[in-house]
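# Survey of secondary and tertiary structure
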Amino acid sequence: MLLQDSRREARSDAHGALVTLEAQDRSRWDRTEIAEGTALVQRALARRAPGPYQLQAAIAAVHAEAATAADTDWWQIVALYGALYPLSPTPVVALNRAAAVAMAEGPARGLALLAAPELAGPLDGYHLLHAARADLHRRLGDRTAAADAYRRALALATNEAERRYLAQRLAAIEAAVETP
């Protein structure tokens, strides 16, 4: 919880708009909470019997320890999700692992994982699946597929800050589609 809370101030801007992890101003992260949380994770993992909460905390610690988004050790996050999935075999854990794989191996690999029936089927009504798909298509330059996925995510999202974020992303993609 300390590691999650350490990023609280950076998760939205002065107007309440959503700021993605990649775009967060890491100078706003609470370094005291990160140090305390990381120390607790290290002690828990030293027992060599991690459970789902310890692995989730370890994933948060990897994010928190990266000085910049580009410095994130995505391979370590992929490995941690690989260890988490057998303990918590949910489609959301698989979605998060696919997102980490996309960051480590590239958007095409992430899209392939998102298309797996055991993930795509159960999460078809989950806006974050479609938001992830949209972002990966955007990164690959497939603006039409990205726009379609952003529309689906927007139709499913209920959180107003997330809806505004998705609407902005969709508008930017649609503008790019109209001007080749």
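From a predicted model like this one, the values you see are computed outputs, not experimental measurements.

With that out of the way, let us pick up the packing of helix α8 (residues 127–140) against helix α9 (residues 143–156). As a packed pair, α8 and α9 sit with axes 8 Å apart at the nearest point and diverge in direction by 160 degrees. It follows that α8 is roughly antiparallel to α9 by the angle criterion. At the point where α8 passes α9, the crossing takes the left-handed sense. Touching His127, His130, Ala131, Arg133, Ala134, Asp135, His137 and Arg138 of α8 are Ala145, Ala146, Ala149, Tyr150, Arg152, Ala153 and Leu156, all from α9. Its residues placed into classes, the contact of α8 with α9 shows eight nonpolar, three polar and four charged.

Moving on to the side chain of Arg133. Mapped onto the secondary structure, Arg133 falls in helix α8. The side chain of Arg133 sits in the buried core without any salt bridge; Asp124 is the nearest counter-charge, 5.4 Å away.

So, about the environment of Leu113. By the element assignment, Leu113 lies in helix α6 (residues 107–114). In this structure the C-alpha to C-alpha distance between Leu113 and Arg47, which are 66 residues apart in sequence, comes to 32 Å. Beyond its immediate chain neighbours, meaning those up to four positions away, Leu113 contacts Arg97, Ala98, Val101 and Leu119.

A word on the environment of Glu22. Mapped onto the secondary structure, Glu22 falls in the loop between α1 (2–5) and α2 (31–46). The residues contacting Glu22, other than those within four sequence positions of it, are Ala69, Met103 and Arg139. In terms of polar contacts, Glu22 uses its side chain to reach the side chain of Arg139, at 2.9 Å.

Take helix α5 (residues 91–105) next. Spanning 15 residues, α5 covers 20 Å between terminal C-alpha atoms, matching the ideal 21 Å at 1.5 Å per step. Regarding α5, the residues found buried are Val93, Leu95, Ala98, Ala100, Val101 and Ala102. Those residues of α5 that are buried are in contact with α4 (74–87), α6, α7 (117–120) and α8.

Unlike most non-glycine residues, Arg48 shows phi in positive territory, near 60 degrees. Structurally, the position occupied by Arg48 is in the loop between α2 and α3 (52–65). Take Arg48: its relative accessible area is 74%, and that puts it in the exposed class.

Here we take up the pattern of salt bridges. Throughout the structure, instances matching the rule amount to nine salt bridges. Of the charged contacts in the structure, one is a salt bridge between Arg8 and Glu9, with a shortest N-O distance of 2.9 Å. Overall, the relative accessible area of 45% leaves Arg8 in the partly exposed class. One salt bridge in this structure joins Glu105 and Arg109, with 3.5 Å as the shortest N-O distance.

The rules behind each value
Residues numbered from 1 in each chain as written. Predicted model: local features only at pLDDT ≥ 70, side-chain atom pairs only at ≥ 80, totals over all residues. Heavy atoms only, no water. Axes fitted to C-alpha atoms, helices over the stretch in contact; angles between N-to-C directions. Helix = DSSP H or I, 4+ residues; strand = E, 2+ residues; numbered from the N terminus. Parallel < 35°, antiparallel > 145°, perpendicular 65-115°, else oblique. Left-handed = near helix turned anticlockwise from the far one by under 90°. Contact = heavy atoms within 4.5 Å. Nonpolar A, V, L, I, M, F, W, Y, C, P; charged D, E, K, R; others polar. Buried < 20%, exposed > 50% of the residue type's maximum accessible area, 1.4 Å probe, protein only. Lys, Arg positive; Asp, Glu negative; His and termini not counted. Salt bridge = Lys/Arg side-chain N within 4 Å of Asp/Glu carboxyl O. Polar contact = N/O pair within 3.5 Å; in protein donor to acceptor, adjacent residues only side chain to side chain. Expected span 1.5 Å × (residues − 1).

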